[in-house]
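Understanding the architecture of this molecule
Residues per chain are reported as follows:
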Amino acid sequence: MVLTVMVPACHTQLKNGIGSSCMKVGILTGGGDCPGLNPVIRGVVRTITNAGGEMVGLLQGWRGAIQGITTPLTVENTDDIIWKGGTILGSSRTNPYKKPEDVQQLLETFKKLGLDALVAIGGDDTLGVANKLYRDYKLNTIGCPKTIDNDLSCTDVTFGFDTAINIVMEATDRLRTTAESHRRIVVIETMGRHAGWIALHSGIATAADYVLIPEVPVDVDHMCSVLKRRREEGKEYAIVVVSEGAVLSHEDGFVTQDAKIDDFGHVSLGGVGESVSKIIEHRLGVETRCVILGHVQRGGSPTAYDRVLGTRLGVGAGRLVLEKKFGRMVALQGTHIVDVALEDAVGKLKTVEMEYYKEAAEFFT
Ligand code: F6P
């Protein structure tokens with residue numbers, strides 16, 4: 001007589017050597033999108049599926065987790081997304097903690113979907129929610145850091161940043177040729193909210209004549225004297241890179257597009273470049289133009305660096321789920337993918353240290 005033993009599918013194959021799993025794992029992307037999100041999703045899906053688990057995508061950030069808007073994720077439907085910008089899951093700035101009933105609804109949805117764990121890919125706001133859900137309700141959350149701003153603590157770099165600075169570099173190289181032809185000054189405004197990483201790195205990469213970042217009080221007199229001197233020395237055009245969060249005067253504070261406030265209390269920045277441009281034109285009497293790069297910095301295909309970093313973090317996040325190390329966040333430290341407590345990573349931004357600024361400032365003293 002032949003005996004047939006029923007073995008669950010999830011116990012038959014071990015591809016990743018960590019152990020098999022019948023886990024059902026949700027994944028979402030929250031906050032501003034950024035190139036590299038899809039490589040992370042692909043990395044998590046592959047790692048969990050290799051171990052026999054099942055993946056569910058929650059659409060539009062925390063909104064999908066509250067309302068139960070889902071999509072199945074498989075190796076097949078995530079295999080060719082590595083090159084795509086944005087996020088196949090969609091995103092939003094929904095904050096479930098804004099209304100207590102939304103948190104309850106989210107917990108219900110988690111139960112209804114039969115999820116064993118949730119991977120939240122996001123910036124400080126999204127990860128802050130993941131941390132609170134773990135802390136307050138012991139929900140099995142894992143965090144993965146993302147933002148073009150590169151301002152998250154406990155990780156050396158965030159994916160999306162490399163793509164963003166390369167976009168700024170390419171745009172600036174193009175602006176340089178027209179600025180030079182017309183002997184103009186061009187002020188380029190970059191994103192970055194309250195951290196000047198994008199402006200500083202793209203300023204270095206494009207040999208900018210001056211860089212303004214939120215971390216350093218703006219010295220208009222110094223900026224104008226440097227620009228004037230360079231012109232007198234024979235360089236008849238100039239590039240100034242200004243971060244959207246740079247503050248021109250403490251009385252006026254940040255320059256905002258429309259003073260809109262999101263669910264997490266953030267104001268929408270933008271426009272400081274126009275003010276800088278007017279000041280320069282007025283003080284120097286040189287034709288000055290402003291270009292606000294805006295969302296172009298977040299669009300399009302990720303660079304190879306961001307594809308690789310996103311993939312490594314995705315695999316790392318998947319492994320944390322399988323090891324049941326909840327309340328943790330994957331991070332890049334040195335060249336290694338490590339994990340840190342979500343609690344330690346959220347709530348404090350990694351702004352530009354003076355050591356980095358001083359290196360860049362060698363070129364505009
Ligand atoms: O945090 C990422 C970021 O791109 C910031 O650099 C910028 O200030 C903000 O998001 C813009 O947000 P939104 O896409 O909601 O306008």
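Worth saying up front: this structure is predicted, and the values here are computed from it rather than measured.

Remarks on the side chain of Asp306
Residue position: Asp306 is located in helix 10 (residues 304–322). In terms of polar contacts, Asp306 uses its side chain to reach the side chain of Thr163, at 2.5 Å. Beyond its immediate chain neighbours, meaning those up to four positions away, Asp306 contacts Pro35, Gly36, Thr158, Phe159, Gly160, Phe161, Asp162 and Thr163.

Notes on the side chain of Asn131
Relative to the helices and strands, Asn131 resides in helix 5 (residues 124–137). In contact with Asn131, other than residues within four places in its own chain, are Leu342, Glu343 and Val346.

A few points about the confidence of the model for the protein
Taken over all residues, the pLDDT of the protein has a mean of 94, while the share at 70 or more is 95%. Counted against residues more than four places away or in other chains, residues 1–9, with its pLDDT under 50, gives one contact.

Describing the site of the ligand
Taken together, Arg93, Ile148, Asp149, Met191, Gly192, Arg193, Glu244, His295 and Arg298 make up all the residues around the ligand. Between the ligand and Gly192 there is a distance of 3.1 Å, counted from an oxygen atom to a backbone nitrogen or oxygen. Here an oxygen atom of the ligand sits 2.9 Å away from a polar atom, N or O, in the side chain of His295. In the complex, 80% of the free accessible area of the ligand, which totals 400 Å², lies under the protein chains. When each cavity is represented as a set of grid points, the ligand is found to reside in the largest pocket. Here the residues of the shell around the ligand sort into two nonpolar, two polar and five charged.

Section: the domain arrangement of the protein
Segmenting the protein into domains produces domain 1 (24–159 + 303–345) and domain 2 (163–296 + 353–361). Between the C-alpha centres of domain 1 and domain 2 the distance comes to 33 Å. Contact with domain 1, which involves 13 residues of that partner, is made by 13 residues of domain 2. Regarding the contact of domain 1 and domain 2, the summed buried area is about 1,200 Å², with carbon and sulfur atoms giving 55% of it. On the surface where domain 1 and domain 2 come into contact, there are one salt bridge. Between Asp263 and Lys98 there is a salt bridge; the shortest N-O distance is 3.6 Å.

Focus on the layout of surface pockets
Quantified by volume, the largest pocket comes out at close to 730 Å³. Lining the largest pocket are 38 residues; nearest its centre among them are Arg93, Asp149, Arg193, Glu244 and Arg298. Residue assignment for the lining of the largest pocket shows that the elements contributing at least two residues are helix 5, strand 6 (185–190), strand 9 (256–261) and strand 10 (267–269). Broken down by element, the residue count for the lining of the largest pocket peaks at four residues, all from strand 9. Its residues assigned to classes, the lining of the largest pocket comprises eight nonpolar, 16 polar and 14 charged.

How each quantity is defined
- Residues numbered from 1 in each chain as written.
- Predicted model: local features only at pLDDT ≥ 70, side-chain atom pairs only at ≥ 80, totals over all residues.
- Heavy atoms only, no water.
- Helix = DSSP H or I, 4+ residues; strand = E, 2+ residues; numbered from the N terminus.
- Polar contact = N/O pair within 3.5 Å; in protein donor to acceptor, adjacent residues only side chain to side chain.
- Contact = heavy atoms within 4.5 Å.
- pLDDT = per-residue confidence, 0-100.
- Near = heavy atom within 4 Å.
- Areas by Shrake-Rupley, 256 points an atom, 1.4 Å probe, with all protein chains shown as cover.
- 1 Å grid on protein atoms, 1.4 Å probe; cavity = no way out; pocket = protein on both sides within 12 Å on 5 of 7 lines; lining within 4 Å.
- Sits in = over half its atoms within 2 Å of the grid points.
- Nonpolar A, V, L, I, M, F, W, Y, C, P; charged D, E, K, R; others polar.
- Domains from an automatic or database assignment.
- Buried area = accessible area lost by both parts, 1.4 Å probe.
- Salt bridge = Lys/Arg side-chain N within 4 Å of Asp/Glu carboxyl O.
- Points joined across faces, edges and corners; volume = space filled by probe spheres on them.

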